[in-house]
Amino acid sequence: MQRDIQKIDDDVIKIKRIIRNLLVSDPDIIETLHNHELDPSCPDDYLNTNIFAFIRIPGVQDAARNFICFSVDDVEKHPSNTHMKIQQIQFVVFCHADDIKTDYDIERHDLLGYLIRDLFNYSLGFGMHATLIYNKEGVTDVDYSTRTLRFELTRPNSLVNAVQENKYGN
């Protein structure tokens, strides 16, 4: 590959890496995902099994599983400052009906939603405050209950890149 993929200068990719690391580093999230097939002492195994860096609808499963999916989007330029942009991070939690109950008398999708809010709301982990702007319960079908959370960031709009020439001559 022509580019050094490990040094990509892209806000979306950087934020997704931060989110992945924060999610798998949180033992309460790993416990609440409740995957008996994985060892909680190896939280990286939850990536692409229970934690996805893209939004997906769970397919047919042999076992009841719970998922955290997330996306990062550049939404728009800041309305009053073109040097800034607004990004949104969206989490969708899917919890199977057969595994919705927890030992804490809190439904699993609500507990995972709380843990995500606790970890990310007003966090400076992205260089700017992440602020919760949306928190809604839903269903996908008879099997999955969901909780969708959306956080908003106001970030610099890559001004350094805007004045550079395309390094490939395009």
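Colleague: I'd love a proper account of the overall build of the protein, names of residues and values included.
Modeller: Along the backbone of the protein there are four helices and five strands. Residues counted as buried form 37% of the 170 residues belonging to the protein. For the protein, restricting intrachain contacts to residue pairs at least 6 apart in sequence, the fraction spanning at least 24 positions comes to 56%. Surface exposure of the protein reaches about 10,100 Å², of which carbon and sulfur atoms provide 48%.

Colleague: Outline the pattern of salt bridges, listing residues and values.
Modeller: Counted under the stated rule, the structure contains seven salt bridges. A salt bridge links Asp 74 to Lys 85, with the nearest nitrogen and oxygen atoms 3.3 Å apart. Taken together, the residues span a long stretch of sequence, with Asp 74 in strand β2 (residues 66-78) and Lys 85 in strand β3 (residues 81-96) at a distance of eleven residues. Taking the relative accessible area as the measure of exposure, Asp 74 reaches 44% and is therefore partly exposed. Residue classification places Lys 85 among the buried positions, given a relative accessible area of 7%. Note that Lys 101 and Glu 107 form a salt bridge whose closest N and O atoms lie 3.2 Å from each other. Residue classification places Lys 101 among the exposed positions, given a relative accessible area of 58%. A network of salt bridges, in which partner residues are shared, links Asp 11, Asp 74, Lys 85 and Arg 155.

Colleague: Give me the lowdown on the environment of Cys 69, citing residues and values where you can.
Modeller: Its place among the elements puts Cys 69 in strand β2. Filtering out sequence-adjacent residues up to four positions away, Cys 69 remains in contact with Phe 52, Phe 54, Ile 55, Arg 56, Gln 90, Phe 91, Val 92 and Phe 94.

Colleague: With reference to specific residues and values, describe the nonpolar core.
Modeller: Residues Ile 19, Leu 23, Ile 68, Ile 89 and Phe 91 are the most contacted members of the largest nonpolar core, which totals 30 residues. Of all the secondary-structure elements, those providing two or more residues to this core are α1 (11-24), α2 (27-33), β2, β3, α3 (108-120) and β5 (144-156). Phe 52, Phe 67, Cys 69 and Phe 94 belong to the second largest nonpolar core, which has six residues in total.

Colleague: Lay out the side chain of Asp 11 in plain terms, naming residues and giving numbers.
Modeller: Secondary-structure assignment places Asp 11 in helix α1. By relative accessible area, Asp 11 is classed as buried at 12%. At a separation of 2.7 Å, a polar atom in the side chain of Asp 11 contacts the side chain of Lys 85.

Colleague: Tell me about a negative patch on the surface, and please be specific about residues and values.
Modeller: A cluster of like negative charges, contributed by Asp 28, Glu 31, Asp 103 and Asp 118, occupies part of the molecular surface. Here Asp 103 falls in the exposed class, since its relative accessible area comes to 79%.

Colleague: Break down the side chain of Arg 155 for me, citing the residues and quoting the values.
Modeller: Position of Arg 155 among the secondary structure elements: in strand β5. Judged by relative accessible area, which is 12%, Arg 155 ranks as buried. Here Gln 87 takes part through its side chain, which lies 3.0 Å from a polar atom of the side chain of Arg 155. A distance of 2.6 Å separates a polar atom in the side chain of Arg 155 from the backbone oxygen of Phe 126. Setting aside its immediate chain neighbours within four residues, Arg 155 contacts Asp 11, Ile 15, His 83, Met 84, Lys 85, Gln 87, Phe 126 and Met 128.

Colleague: Any details on the packing of aromatic side chains? Residues and values, ideally.
Modeller: Counted according to the given criterion, the structure contains nine aromatic pairs. With 5.9 Å between their ring centres and 90° between their planes, Phe 91 and Phe 151 make a pair best called edge-to-face. Placement of the pair is Phe 91 in strand β3 and Phe 151 in strand β5, with a sequence separation of 60 residues. For the residue pair Phe 91 and Phe 151, the accessibility class agrees, reading buried in each case. Ring centres of Phe 120 and Phe 151 lie 6.3 Å apart, and the angle between their planes is 55°; this geometry places the pair in the tilted category.

Basis of the calculations
Residues numbered from 1 in each chain as written. Predicted model: local features only at pLDDT ≥ 70, side-chain atom pairs only at ≥ 80, totals over all residues. Heavy atoms only, no water. Helix = DSSP H or I, 4+ residues; strand = E, 2+ residues; numbered from the N terminus. Buried < 20%, exposed > 50% of the residue type's maximum accessible area, 1.4 Å probe, protein only. Contact = heavy atoms within 4.5 Å. Areas by Shrake-Rupley, 256 points an atom, 1.4 Å probe, with all protein chains shown as cover. Salt bridge = Lys/Arg side-chain N within 4 Å of Asp/Glu carboxyl O. Core = buried A, V, L, I, M, F, W, Y, C linked by side-chain atoms within 4.5 Å. Polar contact = N/O pair within 3.5 Å; in protein donor to acceptor, adjacent residues only side chain to side chain. Patch = residues over 30% accessible without salt bridge, like charges linked within 9 Å, V, L, I, M, F, W, Y side chains within 5 Å. Lys, Arg positive; Asp, Glu negative; His and termini not counted. Charge placed at Lys NZ, Arg CZ, Asp CG, Glu CD. Phe/Tyr/Trp six-rings, centres within 6.5 Å; stacked < 30°, edge-to-face > 60°.

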